[in-house]
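# Descriptive analysis of the structure
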Amino acid sequence: MSASQSQHPVAPIRTLDKNGNVINTVGFNRFGFDCEVSLDVLRSLYLRPHYVITAASDKVEDAERLQEEETEHAKFTGAYGAYQSKSIFHPDTQSISYTTLSRFPPVKLLPPSQRKRILVTGGAGFVGSHLVDRLMLLGHEVTVLDNFFTGSKTTVSHWVGHPNFEMVRHDVVEPFMIECDPSSPSVEIYHLACPASPPHYQFNAVKTIKTSFMGTLNMLGLAKRTKARFLITSTSEVYGDPEVHPQHEDYWGHVNPIGPRACYDEGKRVAETLTYGFHRQDGVDVRVARIFNTYGPRMNPFDGRVVSNFIVQALRGEDMTVYGDGKQTRSFQYIHDLIDGLIALMNSDETRPVNLGNGDEFTIGEFAELVRDIVEKVQREDGVRDPKRVNIVYKPMPTDDPQKRRPDTTRAKQVLDWEPRWTVRMGLEEMVRYYKAKMIEGSL
Ligand SMILES: NC(=O)c1ccc[n+]([C@@H]2O[C@H](COP(=O)([O-])OP(=O)(O)OC[C@H]3O[C@@H](n4cnc5c(N)ncnc54)[C@H](O)[C@@H]3O)[C@@H](O)[C@H]2O)c1
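Per an unreviewed UniProt entry, the recorded name for the chain is UDP-glucuronate decarboxylase, and the organism is Pycnoporus cinnabarinus. Annotation of the chain in UniProt includes, under Cofactor (unreviewed entry), the sentence "NAD(+)". The record held by UniProt for the chain lists under Pathway (unreviewed entry) the comment "Nucleotide-sugar biosynthesis; UDP-alpha-D-xylose biosynthesis; UDP-alpha-D-xylose from UDP-alpha-D-glucuronate: step 1/1."

As structure tokens, then:
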């Protein structure tokens, strides 16, 4: 018997939106377009999709420990334990027996006329994997194309073997050929492949700009040939260190073309140029999302992005590092809001660039304090009576780090009827639980 069915029912996690209403679903159902999915099902895919328990001996303590582990696990999975894989660690032999899923989560059964064929490049990364989960739950056929530079197979491994899913190891810098029956329903390409965090995109600047330019060229060529609708995930970095606040889509930006961030910023700018080149010259149906800072579960905890840095440091009881004087501001969007926006944009008629971001602005110093409070709150809820209060320390600012960035999302509101629903606090709380689960699992 799993703990979710046991005598100790576990209180589910309650999530409130900006207006204080409980969030049960993500996605939306409007303009005759339904892309809603249950938050609990989605959570079962990322909060603890795979967990490890230690094999039990005949001892009573072991049975109790196992029950405790199952109860802890059920907190994250609710009634969806059947869609999780549980592996058993054998301490005597230092070995682990992996299991696969016993059952895939239910996906919508769409009539063939509505089932889309969707290619997601970079689908094994942070944003890509959440997009894949959504598109799969909505019942589409999804192919992931990824070279696993920053992404990992584990982020989407829960779909491997599903009849609607395919994963291909491929570098988008090389051409990719697939055929598509011209009578098949709509074909879509979400082009995300590109490292997104500064240490990763600066690791090999020439490769980053090649990925942005040649990768986008190849994928646009594919879109042209297969008559696919093409969406590229551009970035707020195209605005550089902006002189206009908040940034709206008609602002051309203020970018240093030779600084250490240029491979990414200029790469995305040229990728946008290419996208509109194919649109004007070849009639490719394009969508351009300019994404602002986004955070959420499955973010690489060690890639230097501020949210994961702060949470991991606070959970480990280490000092939290703020670069600069902490007065620079940032806005943070939760991953589920971003995915809502990407799907809405793909299904809209809007071919101009659209900003997707959360306008609630925080100074980095304030943000560090908020993260510290939430980590303490989650620790208290999980039974730590007196959680350790960590220090916040200040270090010099890296080159070209923009002072201020905030999206103007008027266009997204007007054309997509989209606006962020998640509060930063609620998103952070979920992310703290995710990293905490990873720590319990031993993978962080
Ligand atoms: N996360 C954010 O806050 C944010 C903000 C703005 C824009 N974006 C954009 O969203 C997209 C996804 O970002 P993310 O945060 O998920 O980053 P990520 O690094 O987690 O994911 C990128 C994915 O692309 C893959 N990839 C990289 N180079 C590739 C190549 N040459 N060929 C094939 N696959 C390749 C990686 O392996 C990884 O799976 C990127 O295009 C990024 O520029 C993200």
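So much for the structure itself; the text now carries on.
## Quick word on the overall build of the chain
Counting its secondary structure elements, the chain contains 11 helices and 20 strands. A globule of 444 residues ought to have a C-alpha radius of gyration of about 22 Å, and the chain, at 22 Å, matches this closely. Principal-axis analysis of the C-alpha atoms places the extent of the chain at approximately 70 × 55 × 45 Å. Counting every position in the chain, which comprises 444 residues, the buried fraction comes to 43%. For the chain, restricting intrachain contacts to residue pairs at least 6 apart in sequence, the fraction spanning at least 24 positions comes to 77%.

## Brief notes about the site of the ligand
The environment of the ligand is made up of 29 residues, and the closest members are G122, G125, T150, G151 and A196. Contributions of two or more residues to the shell around the ligand are made by α3 (126–137), α5 (205–226) and β12 (229–235). Looking at the shell around the ligand, the element that brings in the most residues is α3, giving 3 residues. Here the residues of the shell around the ligand are counted per class, giving 13 nonpolar, 14 polar and 2 charged.

## Considering the environment of V238
By the secondary structure assignment, V238 is in the loop between β12 and α6 (262–282). The spatial distance from the C-alpha of V238 to the C-alpha of N218 is 21 Å, given a sequence separation of 20 residues. Sequence-distant contacts of V238, that is, excluding residues within four places in its chain, are made with G253, D265, K268, R269, E272 and R290.

## What to know about the domain arrangement of the chain
Considered domain by domain, the chain is made up of domain 1 (3–97) and domain 2 (117–362 + 397–441). When each unit is reduced to the centre of its C-alpha atoms, the spacing between domain 1 and domain 2 is 27 Å. Contact with domain 1, which involves 22 residues of that partner, is made by 20 residues of domain 2. Put simply, the parts of the chain that give the side of domain 1 that touches domain 2 at least two residues each are α1 (39–46) and β5 (50–54). Its residues placed into classes, the side of domain 1 that touches domain 2 shows 16 nonpolar, 2 polar and 4 charged.

## A word on the packing of helix α7 (residues 306–316) against helix α11 (residues 424–441)
Following both chains from N to C, one finds α7 and α11 inclined at 55°, their axes separated by 10 Å at the closest point. For the element pair α7 / α11, the angle class is oblique. The interaxial crossing formed by α7 with α11 has right-handed handedness. Counted together, V307, I311, V312 and L315 of α7 and M431, V432, Y435, K436 and M439 of α11 form the full contact between these two elements. Tallied by class, residues from the contact of α7 with α11 come to 8 nonpolar, no polar and 1 charged.

## Overview of helix α8 (residues 335–346)
The end-to-end C-alpha distance of α8, which contains 12 residues, comes to 17 Å, matching closely the 16 Å that a straight helix rising 1.5 Å per residue would cover. The buried count for α8 comes to 12 of 12 residues, which makes it a mostly enclosed element. Taken residue by residue, α8 has I335, H336, D337, L338, I339, D340, G341, L342, I343, A344, L345 and M346 as its buried positions.

## Looking at the sheet that holds strand β6 (residues 85–90)
Taken together, the 3 strands give an open sheet; going across it, the order is β5-β6-β7, and neighbouring strands pair in mixed fashion. Of all strands in the sheet, those bounded by a partner on one side alone are β5 and β7 (95–97). Direction aside, neighbouring strands of the sheet carry axes that sit 30° apart on average. Relative to β6, β5 runs parallel, the two sharing 5 bridges. Its bridge partner being in β6, I53 is matched across the sheet by I88.

## Overview of the confidence of the model for the chain
Summing up the model confidence of the chain, the mean pLDDT is 89 and the portion of residues at 70 or higher is 94%. Counted against residues more than four places away or in other chains, residues 1–10, with its pLDDT under 50, gives 21 contacts.

Rules and cut-offs
Residues numbered from 1 in each chain as written. Predicted model: local features only at pLDDT ≥ 70, side-chain atom pairs only at ≥ 80, totals over all residues. UniProt positions renumbered as here; feature names shortened; annotations may be inferred. Helix = DSSP H or I, 4+ residues; strand = E, 2+ residues; numbered from the N terminus. Rg over C-alpha atoms; globule rule 2.2 N^0.38 Å. Buried ≥ 20, exposed ≤ 12 C-beta atoms within 10 Å, placed from the backbone. Contact = placed C-beta atoms within 7 Å. Near = placed C-beta within 6 Å. Nonpolar A, V, L, I, M, F, W, Y, C, P; charged D, E, K, R; others polar. Domains from an automatic or database assignment. Axes fitted to C-alpha atoms, helices over the stretch in contact; angles between N-to-C directions. Parallel < 35°, antiparallel > 145°, perpendicular 65-115°, else oblique. Left-handed = near helix turned anticlockwise from the far one by under 90°. Expected span 1.5 Å × (residues − 1). Pairing = 2+ DSSP bridges. pLDDT = per-residue confidence, 0-100.

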